[in-house]
Amino acid sequence: MACRAAGKRGIDVGLKRVLTSTSLGHAVGLTSRTSLGGASARYIPESSSSSFLQGSGHHTTLESPIRCFHASRELWARRKNDDQGVGLKTQKKGKFAKRIKKPPVDAPYVPPKLKRISKSLQDKTIDIFEGMTIVELAKRTGQSVISLQELLVNLGEKVVSEFDPLKIDVAELVVMEAGANVRRLHSNEGSEILPRPVVVTVMGHVDHGKTSLLDALRQTSVAAKEAGGITQHLGAFVVSMPSGAAITFLDTPGHAPSANPERVKLQLASEGFLLEEMGGDIQVVEVSAITKTGLDNLEEAILLQAEMMELKARVDGHAQAYVVEAKLDKGRGPLATAIVKAGTLVCGQHVVVGSEWGRIRVIRDMSGKLTERARPAMPVVIEGLKGLPMAGDDVTVVETEERARMLSAGRRRKYEKDRLRQIMEQRTKTNEPSEDDSVVPERTEMPLIVKADVQGTVQAVTDALRTLNSPQVFVNVVHVGVGPISQSDVDLAQACGAYIVGFNVKSPPSSISQAATKAGTKIMQHQVIYHLLDEVGNLVVDKAPGTLETQVAGAAEVLNIFELKGRSKSAGGDIKIAGCRVMDGHFSKSSSMRLLRSGEEVFEGPCTSLKINKHDVELVEKGNECGLVILGCNDFQIGDVIQCLEQVVRKPKLIISDNGIARIECY
């Protein structure tokens, strides 16, 4: 038989020949796409198989159907090795353990472990120094070593080991990126330590002779050049004393403690500063700038105190300085007055001052002379900064311009984050409900833009304006700057509805003044702080919503009582009319009335009718008689007193004391 022969000779020859025969291929149902590697098997019913064999000359009828299989060479070879069918896999006999699925057990709930949240570093100050390691930084910041290493990589620094020393500039960048505040610690080991001149800060009340005292010491007259004879700026001077010693004085604008000397002494004692006359170690020297008495005693006291303190400073290495004043010069750019604390500041160095940076182009002493370097306790003016720093910023010397840019950008990001956080905290405190919310009216905002000639004045004016805050008006300084009033200031004021304050600056050009007038922006320019506080304080009073108060506008005595009978239910019931004479003030129909009997309140309600000789009126003056009806009141008696009550808005009051303290008093 053809099929049997094909089974004996194998798939390569027999099956191919059988399947490719004309009659057999037609019976099996092969198509032209049938091949050895991808043929399909079809079930042939019994009748078809029988007819197929009969057509081939055989008369044997198959009892079982024919199944055609497709197999590869590998499967066919496996067919020869065992008697199993092609494509069938026999399972090995063996013992198998039946798996029984147990129902889940109700286990007690165990909450997941919470991740440790590091303590907020926003209000934490980290001390850094030259040569500290990543491990030391991790301990002080509470961050992991890996996270600090990632910060170093982001800053472009090469990380080899967590025990490698870091530059102090790099350590500051890492700490600021971690979100903490930074304080630099400088070591004097191996440095040249020499005595330095003493630095004296002169503070006191406005117009009490601080600048005059310095003028007497150095034989000049600076106070006469100031507006109103009052110091408006912070200045630094080196005074050569008759003994040959040099003393650096810092002259500050006047502020307000009390003008009472005894009270000042008590306040100093309460803060822990005991004067010599109280058994302490703080000297008290009586001087007069007018008669120039006591100046020698002042010099002697200062030098004695400096000798006892053993004032010394490092003179070699990079300088450590602080800004005492800053201003914007039209020709020279940003100028910063600084005092060197340690080291030597050299012309040409790259520095970072606060969030600003630059290369020192020129160094001048306080007399305006050029100098190449500045030593400890020496006040100088430096030029070359890219922006205007703030008073109190530290001057940091760095090696390269790239490091200066990077450190300046890091500080700027940190300052901006802190500023936004303070704004959010302030808004949160403002929006917090209080127990007196039902009594205190809504607080309005008064935005201000402050421009001044120097940075120290900007800060002093801003602090003075913020003293005008009150429960009803919030004085919000939205922007400060150094220099004249510009068009951008007018645009900003128009956008936020702010007033512009110019202190000790030139009047803006006519184009800017006209733009401000067109935009409805008010510009206030002053040179004396008293006058500025007076004008801004009056604006605060006008802008305040005030508080509603009930006042007695008039009083009347009941002389007679009239009764009006009601004609119908729709017209109302009986009405009692009080015939009165106004004894004080006036009576208004739109006001409320209070009925008093023997000094005690009996009834209070609105007035529904007020007439004179049967004529309706809105107002009755003192001395006139009238008839009035109080809604819901039918219990009048002759001799009762009726008060007219009016709601009035009471505005706050601006109070400027003799010692210059300005405040807003709310009722």
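Scroll up to find the structure this text is about.
Residues numbered from 1 in each chain as written. Predicted model: local features only at pLDDT ≥ 70, side-chain atom pairs only at ≥ 80, totals over all residues. Heavy atoms only, no water.

**Q** Would you mind going over the overall build of the protein chain in detail, with residue names and values included?
**A** When helices and strands are tallied, the protein chain shows 16 helices and 33 strands. Counting over 667 residues, the protein chain shows a buried share of 36%. Of the contacts formed within the protein chain by residues at least 6 apart in sequence, a portion of 66% connects residues at least 24 apart. Surface accessibility of the protein chain: about 40,900 Å² in total, with carbon and sulfur atoms responsible for 52%. (Helix = DSSP H or I, 4+ residues; strand = E, 2+ residues; numbered from the N terminus. Buried < 20%, exposed > 50% of the residue type's maximum accessible area, 1.4 Å probe, protein only. Contact = heavy atoms within 4.5 Å. Areas by Shrake-Rupley, 256 points an atom, 1.4 Å probe, with all protein chains shown as cover.)

**Q** I'd like to hear about the sheet that holds strand S20 (residues 473-482), residue by residue, with values.
**A** Here we have four strands laid out as an open sheet, ordered S20-S19-S21-S22, and parallel in their pairing. Looking along the sheet, the strands with just one partner apiece sit at the ends: S20 and strand S22 (523-526). Within the sheet, the average angular offset between the axes of one strand and its neighbour, ignoring direction, is 25 degrees. Two elements, strand S19 (residues 444-452) and S20, share nine bridges in a ladder whose sense is parallel. Bridge pairing links lysine 451 to glycine 481 in S20. In this fold helix H13 (residues 455-466) packs onto S19, S20 and strand S21 (499-503), with an angle of close to 175 degrees to the strand it touches most, S20. Across the sheet, helix H14 (residues 487-496) lies against S19, S20 and S21, angled at about 175 degrees from S19, the strand it touches most. (Pairing = 2+ DSSP bridges. Axes fitted to C-alpha atoms, helices over the stretch in contact; angles between N-to-C directions.)

**Q** Hey, could you go over the packing of H13 against helix H16 (residues 529-543) for me, with residue numbers and the actual values?
**A** Viewed as axis vectors pointing N to C, H13 and H16 meet at an angle of 40 degrees, and their least axial separation amounts to 10 Å. By the angle class used here, H13 and H16 are oblique. For the pair H13 and H16, the sense of crossing is right-handed. Here H13 contributes Val461, Ala464 and Leu465 to the contact with H16, which in turn contributes Ile529, Leu532, Leu533 and Val536. (Parallel < 35°, antiparallel > 145°, perpendicular 65-115°, else oblique. Left-handed = near helix turned anticlockwise from the far one by under 90°.)

**Q** Can you lay out H14 for me, pointing to particular residues and giving the numbers?
**A** Three or more residues of H14 are buried, namely Asp489, Val490 and Ala493. For H14, the angular spread of the buried residues around the axis is 100 degrees, confining them to a single face. Buried positions along H14 lie against S19, S20, S21 and helix H15 (510-519). Looking one or two places after H14, you find glycine 497, whose phi comes out positive at around 65 degrees. (Arc of directions from axis to C-beta.)

**Q** Pulling in residues and values, what's your account of the environment of serine 590?
**A** Mapped onto the secondary structure, serine 590 falls in the loop between strand S25 (587-588) and strand S26 (592-597). On the basis of relative accessibility, which here comes to 69%, the residue serine 590 falls in the exposed class. For the pair formed by serine 590 and leucine 645, sequence separation is 55 residues and the distance between their alpha carbons is 9.6 Å. A polar side-chain atom of serine 590 sits 3.2 Å from a polar atom in the side chain of serine 588. (Polar contact = N/O pair within 3.5 Å; in protein donor to acceptor, adjacent residues only side chain to side chain.)

**Q** Talk me through the nonpolar core; I want residue IDs and the actual numbers.
**A** Among the nonpolar cores identified, the biggest contains 27 residues, and Leu465, Leu468, Leu532 and Val536 are the most heavily contacted of them. Among the elements of the structure, S19, H13, S20, S21, H16 and strand S33 (662-665) are those that each provide at least two residues to this core. Here the element with the most residues in this core is H16; it accounts for seven residues. If near-sequence neighbours (up to four positions away) are discounted, valine 536 is found in contact with Met446, Leu448, Leu465, Leu468 and Met524. (Core = buried A, V, L, I, M, F, W, Y, C linked by side-chain atoms within 4.5 Å.)

**Q** Which residues make up the side chain of threonine 248, and what values go with them?
**A** Within the element layout of this structure, threonine 248 appears in strand S8 (residues 246-251). Judged by relative accessible area, threonine 248 falls into the buried class, the value being 1%. Every residue in contact with threonine 248, bar those within four places of it in the chain, is listed here: Val198, Val199, Val200, Phe237, Val238, Ile339, Ala377 and Pro379.

**Q** I'd like to hear about the pattern of salt bridges, residue by residue, with values.
**A** Taken as a whole, this structure holds 24 salt bridges when the rule is applied. Where arginine 332 meets glutamate 383, a salt bridge forms, and the shortest distance between an N and an O atom there is 2.9 Å. With arginine 332 in the loop between strand S10 (320-329) and strand S11 (333-342) and glutamate 383 in strand S17 (residues 379-385), the pair connects residues that are 51 residues apart, well separated along the chain. One salt bridge in this structure joins arginine 411 and aspartate 394, with 3.7 Å as the shortest N-O distance. Here arginine 411, found in helix H12 (residues 401-431), pairs with aspartate 394, found in strand S18 (residues 394-398); they are 17 residues apart in sequence, far enough to count as distant. A cluster of three or more residues bridged by salt bridges with shared partners is formed by Asp169, Glu172, Arg184, Asp394 and Arg411. (Salt bridge = Lys/Arg side-chain N within 4 Å of Asp/Glu carboxyl O.)

**Q** Please set out the pairing of S26 residue by residue, giving values where relevant.
**A** Here S26 runs beside strand S27 (residues 600-612); their pairing, made up of six bridges, is antiparallel. Each bridged residue has a counterpart across the sheet, and for leucine 595 the counterpart in S27 is phenylalanine 603. Count of turn residues in the S26/S27 antiparallel hairpin: two residues, of which serine 598 carries a positive phi of about 60 degrees. Here S26 runs beside strand S31 (residues 641-650); their pairing, made up of five bridges, is antiparallel. Residue methionine 593 lies in a different strand from S31, and its bridge partner there is cysteine 644.

**Q** Quick rundown of unusual backbone geometry? Include the residues and the values.
**A** Not every positive phi belongs to a glycine, and serine 598 is a case in point at roughly 60 degrees. Tracing the backbone shows serine 598 in the loop between S26 and S27. Its relative accessible area of 78% is what places serine 598 among the exposed residues.

**Q** I'd love a proper account of the packing of H14 against H15, names of residues and values included.
**A** Here H14 crosses H15 at 5 degrees, and the two axes come no closer than 10 Å. On the basis of their axis angle, the class for H14 and H15 is roughly parallel. In this structure, H14 uses Gln487, Val490 and Gln494 to contact H15, whose residues at the interface are Ile512, Ala515, Ala516 and Ala519. Among the residues forming the contact of H14 with H15, the class breakdown is five nonpolar, two polar and no charged. (Nonpolar A, V, L, I, M, F, W, Y, C, P; charged D, E, K, R; others polar.)

**Q** Now, about the pairing of strand S24 (residues 575-585): what can you tell me, with residues and values included?
**A** Where strand S23 (residues 547-564) lies against S24, 10 bridges are found, and the strand directions are antiparallel. Residue pairing for S24: isoleucine 561 is matched across the bridge by alanine 578. Pairing of S24 with strand S30 (residues 625-630), which is carried by four bridges, proceeds in the antiparallel orientation. Across the sheet, arginine 581 pairs through a bridge with glutamate 625, a residue of S30.

**Q** Tell me about the environment of glycine 392, and please be specific about residues and values.
**A** Within the secondary structure, glycine 392 sits in the loop between S17 and S18. Excluding residues within four positions of it along the chain, glycine 392 makes contact with Tyr322 and Val323.

**Q** Go over the environment of alanine 321, please, and point to the residues and values.
**A** Tracing the backbone through its elements, the reader meets alanine 321 in strand S10. As for alanine 321 and threonine 396, which are separated by 75 residues in sequence, their C-alpha atoms are 7.4 Å apart. With residues near it in sequence (within four places) discarded, alanine 321 still touches Ala338, Ile339, Val340, Lys341, Asp393, Asp394 and Val395.

**Q** Please provide a residue-by-residue account of the side chain of arginine 597, values included.
**A** For arginine 597, the location among the structural elements is in strand S26. A distance of 2.7 Å separates a polar side-chain atom of arginine 597 from the backbone oxygen of aspartate 635. Engagement of the side chain of arginine 597 in a polar contact is seen with the side chain of aspartate 640, the distance being 3.0 Å. Discounting chain neighbours no more than four positions away, the residues touching arginine 597 are Val602, Asp635, Phe636, Gln637 and Asp640.

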